[in-house]
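Listed below are the residues making up each chain.
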Amino acid sequence: MLRSREKLATAEQRAKSDDSEEATRLAADLKGEVLKREIEIYDSRVQRYPDEPRFQFQLGTRLKKTGRFEMAVESLRIAADDPGCKAAAQLELGECLQHLKDYAAAIQAYRAAVNSADNSHLNVKKLGLYRAGVLATGLRDTENAKKYLSELLELDAGYKDVKARLDKIP
């Protein structure tokens with residue numbers, strides 16, 4: 001995996017400096033290959049060590065990147081049982097569920113991510129609050145949208161467009 005990632009990093013640097021269509025295409029192709037290889041590796045690890053939630057988390061995040069949300073949900077639910085990656089797994093799970101249009105479950109996953117995030121996972125907490133607030137706004141749940149976005153505003157007043165979003169809620 002390390003060699004593949006190094007090769008990808010080199011291709012991406014070349015694509016930035018050359019600014020050619022061929023270099024950009026090569027970098028995109030390599031990125032897809034690296035992702036495919038990582039899925040194969042983590043799937044093998046999950047098969048060998050089914051009780052290891054960190055491998056499930058790694059597999060789930062890669063499956064999510066490829067758009068296989070149903071499969072990612074399975075892995076991320078298992079990973080959420082591990083206290084070490086619970087917050088991040090719940091956040092990823094919420095994003096997958098939102099793509100699958102299971103909005104109630106997505107909000108619950110975002111809440112779980114926020115509740116399980118400690119000070120070492122502050123970025124996860126902020127993103128969880130933001131996603132929950134945006135989703136609640138889209139669902140016209142103004143009470144919860146205000147609650148999530150206000151809590152985020154207290155944590156980080158300059159986070160993305162939280163002030164503008166909060167001002168738009170009636």
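Residues numbered from 1 in each chain as written. Predicted model: local features only at pLDDT ≥ 70, side-chain atom pairs only at ≥ 80, totals over all residues. Heavy atoms only, no water.

1. Observations regarding the overall build of the chain
Right, on to step 1. Of the regular secondary structure elements, the chain holds nine helices and zero strands.
Right, on to step 2. Sequence-ordered secondary structure for the chain, helices as α and strands as β, is α-α-α-α-α-α-α-α-α.
Right, on to step 3. The C-alpha extent of the chain, read off along each of the three principal axes, is 50 × 45 × 30 Å.
Right, on to step 4. Considering the chain as a whole, with its 170 residues, one finds that 40% of them fall into the buried category.
Right, on to step 5. For the chain, the proportion of contacts with a sequence separation of at least 24, taken over those separated by at least 6, is 44%.
Right, on to step 6. Accessible surface, the chain as shown: approximately 10,400 Å² in total, 46% of it carbon and sulfur.
Right, on to step 7. If the 30 positive side-chain charges of the chain are averaged to one point and the 28 negative ones to another, these points end up 1 Å apart. (Helix = DSSP H or I, 4+ residues; strand = E, 2+ residues; numbered from the N terminus. Buried < 20%, exposed > 50% of the residue type's maximum accessible area, 1.4 Å probe, protein only. Contact = heavy atoms within 4.5 Å. Areas by Shrake-Rupley, 256 points an atom, 1.4 Å probe, with all protein chains shown as cover. Lys, Arg positive; Asp, Glu negative; His and termini not counted. Charge placed at Lys NZ, Arg CZ, Asp CG, Glu CD.)

2. Focus: the environment of Leu 59
Right, on to step 1. Structurally, Leu 59 can be placed in helix α3 (residues 53-65).
Right, on to step 2. Once the C-alpha coordinates of Leu 59 and Arg 37 are considered, the two residues, 22 residues apart in sequence, prove to be 11 Å apart.
Right, on to step 3. Sequence-distant contacts of Leu 59, that is, excluding residues within four places in its chain, are made with Ile 39, Tyr 42, Asp 43, Val 46 and Ser 75.

3. Observations concerning the packing of helix α6 (residues 103-116) against helix α7 (residues 122-138)
Right, on to step 1. Relative to each other, α6 and α7 sit at 155°, their axes nearing to 8 Å. Between α6 and α7, the angle falls in the class roughly antiparallel. The crossing of α6 and α7 is left-handed. Judged by residue contacts, Tyr 103, Ala 106, Ile 107, Tyr 110 and Val 114 of α6 engage Lys 125, Gly 128, Leu 129, Arg 131, Ala 132, Leu 135 and Ala 136 from α7. (Axes fitted to C-alpha atoms, helices over the stretch in contact; angles between N-to-C directions. Parallel < 35°, antiparallel > 145°, perpendicular 65-115°, else oblique. Left-handed = near helix turned anticlockwise from the far one by under 90°.)

4. A short note on helix α4 (residues 69-79)
Right, on to step 1. Within α4 the residues assigned to the buried category are Phe 69, Ala 72, Val 73, Ser 75, Leu 76 and Ala 79.
Right, on to step 2. Against the buried residues of α4 lie α3 and α5 (86-99).

5. What about helix α8 (residues 142-155)?
Since the α-helix packs 3.6 residues into each turn, any two residues three or four apart lie on the same face.
Right, on to step 1. In a regular helix each residue adds 1.5 Å, so 14 residues correspond to 20 Å; α8 covers 20 Å between its end C-alpha atoms and thus fits that length.
Right, on to step 2. Every buried residue belonging to α8 is among Asn 144, Ala 145, Tyr 148, Leu 149 and Leu 152, and all of these are buried. Seen end-on, α8 carries its buried residues on one side only, within an arc spanning 120°. Among the exposed residues of α8, those pointing more than 90 degrees away from its buried face are Glu 143 and Glu 154.
Right, on to step 3. Where α8 is buried, its residues meet α6, α7 and α9 (162-168). (Expected span 1.5 Å × (residues − 1). Arc of directions from axis to C-beta.)

6. Some thoughts on the packing of aromatic side chains
Right, on to step 1. The final tally for this structure, using the stated rule, is two aromatic pairs.
Right, on to step 2. Where Tyr 49 meets Phe 55, the ring centres are 6.0 Å apart and the plane angle is 45°; that geometry is what we call tilted.
Right, on to step 3. With a centroid separation of 5.7 Å and an interplanar angle of 65°, the aromatic rings of Tyr 130 and Tyr 159 are classed as edge-to-face. In this pair, Tyr 130 is assigned in helix α7 and Tyr 159 in the loop between α8 and α9, connecting sequence segments 29 residues apart. Take Tyr 130 and Tyr 159: they sit in the same class, and that class is buried. (Phe/Tyr/Trp six-rings, centres within 6.5 Å; stacked < 30°, edge-to-face > 60°.)

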